[in-house]
Amino acid sequence: MIPYGKQDINQQDIEAVVKVLQSDFLTQGPQVPLFEAAINRTVNSQYAVAVNSATSALHIACLALGVGKGDIVWTSPITFVASANCALYCGASVDFVDIDSETYNLSPIELEKKLIVAKQQNKLPKVVIPVHLAGQSCEMQKIHQLSLEYNFKIIEDAAHGIGGKYQDKPIGNCRYSDITVFSFHPVKIVTTAEGGVATTNCPNLSASMQRLRSHGITRDESLMTEPSHGDWYYQQLELGFNYRMSDLHAALGISQLERLTEFIYKRNKLAKDYSEAFLGLPLTLPQQHFDTNSSWHLYIIRLQLSDVSQTHREVFSKLRRAGILVNLHYIPIYKQPYYKKISSVNTALPQAEHYYEEAISIPIYPAMSTSQQQKIIEALKNIIK
Ligand SMILES: *Cc1c(COP(=O)(O)O)cnc(C)c1O
């Protein structure tokens, strides 16, 4: 069985975790700040707030930006449900912007169209969450330009994107956004088992997210409502959560980040080899916008169904039966029963619908061997020939 994605853990990673197990702190020790500093160095951000998942990071990012009841958040329909759920956690409502037909990312053209209508209806979003699907950045400069014109905030969902670049700068530097969120789930580019981080260049957003990840508590006297009662003293200023990352997870993250260049190199190589091997087949291969360097979290093909004498579902299940655990990223979120239940509007978006009829994620991960990749290529060729 070849999974679609998989972590790559080496001896250095194992030793990093064991060392923490033998130390004084399993959590709230030195590893989390060290991991955050490593993230800042890697993506050129000023502040990093490490948490126990990207889902938690998205939640506190929304809260730090003031998302609440009555607010509207927009995201892409072609993403994991967490990109939209975060707004619902805050009591806001969610709407979806259709994707670009080539990159499958939130389309800046569709975004502008929707903003024009929303402005007339007085229903502008407070926050837009572009998602860097497969690790290819959205067109952030255009989205940022629109945010100035229509006055919304931006959270980049870069769960797939660490190690990717936009305009030759690392994803996560927040040049065109308020906050960027990364995931460290084992299928993502680098892992902490479970974990996530929010990066920002704004000190207030960083301080707010730091409080929210730990119960809304501060020990900073300058923020307190009265003078400290003593060295034990802290104040809860708002309702936060326990979203902290442990030192065990952070140590694994530090070690994994040291291997990021190697991971991205291998993913690029696999993607290039796929694209060469699939030339001439009735497939739409992943297209790259000239401003982007993908981290290649996913390699998504689309079946040209008029030239493939089988259905999408048949091709998918034949690949699975051949031991290739392909996947589909993603079901348009508005098709989920829960979203149908809470949505008053009929949101079928043509590009998202079309994408969902054709897309298949084929396996890509750094530890994939040449013979495994060959097996996948041969299996796909045999099935669609
Ligand atoms: C994985 C993922 C998340 C959630 O990440 P967790 O760390 O598992 O919470 C959010 N958005 C996207 C696009 C993802 O792929």
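Rules and cut-offs
- Within every chain, residues take consecutive numbers counted from 1 along the sequence as written.
- Residue-level local features of this predicted model are given only where pLDDT is at least 70; pairs of side-chain atoms are given and counted only at 80 or more, and the full residue set underlies all totals for whole chains, interfaces and linings.
- Only heavy atoms go into the side-chain values, all of them from the structure, while hydrogens and water stay out.
- Per the convention used, a helix needs a DSSP run of H or I reaching at least four residues, while a strand needs a run of E reaching at least two, with both numbered from the N terminus.
- For the radius of gyration, the atoms used are the C-alpha atoms, and the globule rule reads 2.2 Å times the number of residues raised to 0.38.
- It only takes one pair of heavy atoms within 4.5 Å for two residues to be counted as in contact.
- Using only the protein atoms, space was sampled on a 1 Å grid; points where a 1.4 Å probe fits but cannot get out form cavities, open sets with protein on both sides within 12 Å along at least five of seven lines form pockets, and lining residues are those with an atom within 4 Å of a point.
- Grid points are joined across faces, edges and corners, and a volume is the space filled by probe spheres set on the points.
- Under this grouping Gly is polar, as are all residues other than the nonpolar Ala, Val, Leu, Ile, Met, Phe, Trp, Tyr, Cys and Pro and the charged Asp, Glu, Lys and Arg.
- Pairing between two strands requires that DSSP report at least two bridges joining them.
- Each axis is a line fitted through C-alpha atoms, taken for helices only over the stretch in contact, and angles between the N-to-C directions span 0 to 180 degrees.
- Within this document, salt bridges are pairs made up of a side-chain nitrogen of Lys or Arg and a carboxyl oxygen of Asp or Glu, the two lying within 4 Å of each other.
- Burial here depends on accessible area, computed with a 1.4 Å probe over protein chains only, as a share of the maximum for the residue type. Under 20% is buried, over 50% is exposed, and the range in between is partly exposed.
- A cutoff of 4 Å decides nearness: a residue is near a molecule or strand if any of its heavy atoms lies inside that distance of it.
- Side-chain atoms alone can form a polar contact between residues adjacent in sequence; in general such a contact is a pair of N or O atoms within 3.5 Å, and within protein one must be able to donate a hydrogen while the other accepts it.

> Explain the overall build of the protein chain to me, using residue names and the numbers behind them.
Each helix and strand in the protein chain was counted, giving 13 helices and 15 strands. On C-alpha atoms alone, the protein chain measures out to a radius of gyration of 21 Å, which is about the 21 Å that the 2.2 N^0.38 rule sets for 385 residues. Over its C-alpha atoms, taken along the principal directions, the protein chain stretches across nearly 75 × 60 × 35 Å. Across the protein chain, every contact between residues at least 6 apart in sequence was considered, and the portion connecting residues at least 24 apart equals 72%.

> Describe the layout of surface pockets, naming the residues involved and giving the relevant values.
Its boundaries defined by the atoms lining it, the second largest pocket holds a volume of some 480 Å³. Surrounding the second largest pocket, 18 residues form its lining, Q28, Q210, R213, S214 and R244 being those nearest its centre. Elements with a minimum of two residues in the lining of the second largest pocket: α2 (31-43), α7 (203-212) and β10 (217-218). Looking at side-chain class alone, the lining of the second largest pocket contains eight nonpolar, five polar and five charged residues.

> Talk me through the sheet that holds strand β12 (residues 283-284); I want residue IDs and the actual numbers.
With antiparallel pairing, the three strands of this open sheet are ordered in space as β12-β14-β15. In the strand order of this sheet, the two ends are held by β12 and β15 (359-362), each with one partner. As paired strands, strand β14 (residues 299-303) and β15 are joined by four bridges and run antiparallel to one another. Residue pairing in the sheet places Y299 in a bridge with I362 of β15. Strand contacts of helix α10 (residues 312-321): β14 and β15, with the helix running at about 15 degrees to β15, the strand carrying the most contacts.

> How would you explain the pattern of salt bridges if you had to name every residue and give the values?
On inspection of all chains with the given rule, the structure shows 14 salt bridges. Between D95 and K114 there is a salt bridge; the shortest N-O distance is 2.9 Å. Here D95 is found in strand β3 (residues 93-96), whereas its partner K114 is found in helix α5 (residues 108-120), with 19 residues between them in sequence. By relative accessible area, K114 is classed as partly exposed at 24%. Linking K142 and E139 is a salt bridge whose minimum nitrogen-to-oxygen distance equals 3.0 Å. Given a relative accessible area of 14%, E139 falls into the buried group. Linked through salt bridges whose partners overlap, the residues forming this network are D8, D13, R259, E262 and K266.

> Report on the site of the ligand, specifying residues and quantitative values.
The environment of the ligand is made up of 15 residues, and the closest members are T55, D157, H160, S183 and K188. In this structure, a nitrogen atom belonging to the ligand sits 2.8 Å away from a side-chain N or O atom of D157. Taking H160, its side chain carries an N or O atom lying 2.7 Å from an oxygen atom of the ligand. Contributions of two or more residues to the shell around the ligand are made by α3 (54-64) and α4 (82-89). Considering only residue class, the shell around the ligand consists of six nonpolar, seven polar and two charged.

> Can you break down the sheet that holds strand β9 (residues 196-200) residue by residue, with the values?
Pairing is mixed in the open sheet, where seven strands are placed in the order β1-β9-β8-β5-β4-β2-β3. Every interior strand has two partners, whereas the edge strands, β1 (47-51) and β3, have only one. Here the average twist between neighbouring strands, direction ignored, is 20 degrees. Pairing between strand β2 (residues 72-75) and β3: four bridges, direction parallel. Residue pairing for β3: I72 is matched across the bridge by S93. In the packing of α7 onto the sheet, the strands contacted are β1, β8 (179-183) and β9, and the crossing angle to β1 comes to about 15 degrees.

> Mind laying out the environment of T311, listing which residues take part and the relevant values?
Looking at the secondary structure, you find T311 in the loop between β14 and α10. When the C-alpha positions of T311 and R175 are compared, they lie 43 Å apart, and in sequence the two are 136 residues distant.

> So, unusual backbone geometry: which residues are in play, and what are the values?
Across the junction of H329 and Y330, the peptide omega takes the value 10 degrees, indicating a cis bond. Mapped onto the secondary structure, Y330 falls in the loop between α10 and α11 (337-342). Here N44, not a glycine, exhibits a phi torsion of approximately 60 degrees, which is positive. Mapped onto the elements, N44 comes out in the loop between α2 and β1. By relative accessible area, N44 is classed as partly exposed at 47%. Phi is positive for A193, which is not a glycine, with a value near 75 degrees. Within the secondary structure layout, A193 lies in the loop between β8 and β9.

Spatial relationships are all this shows, so hold off on functional conclusions.
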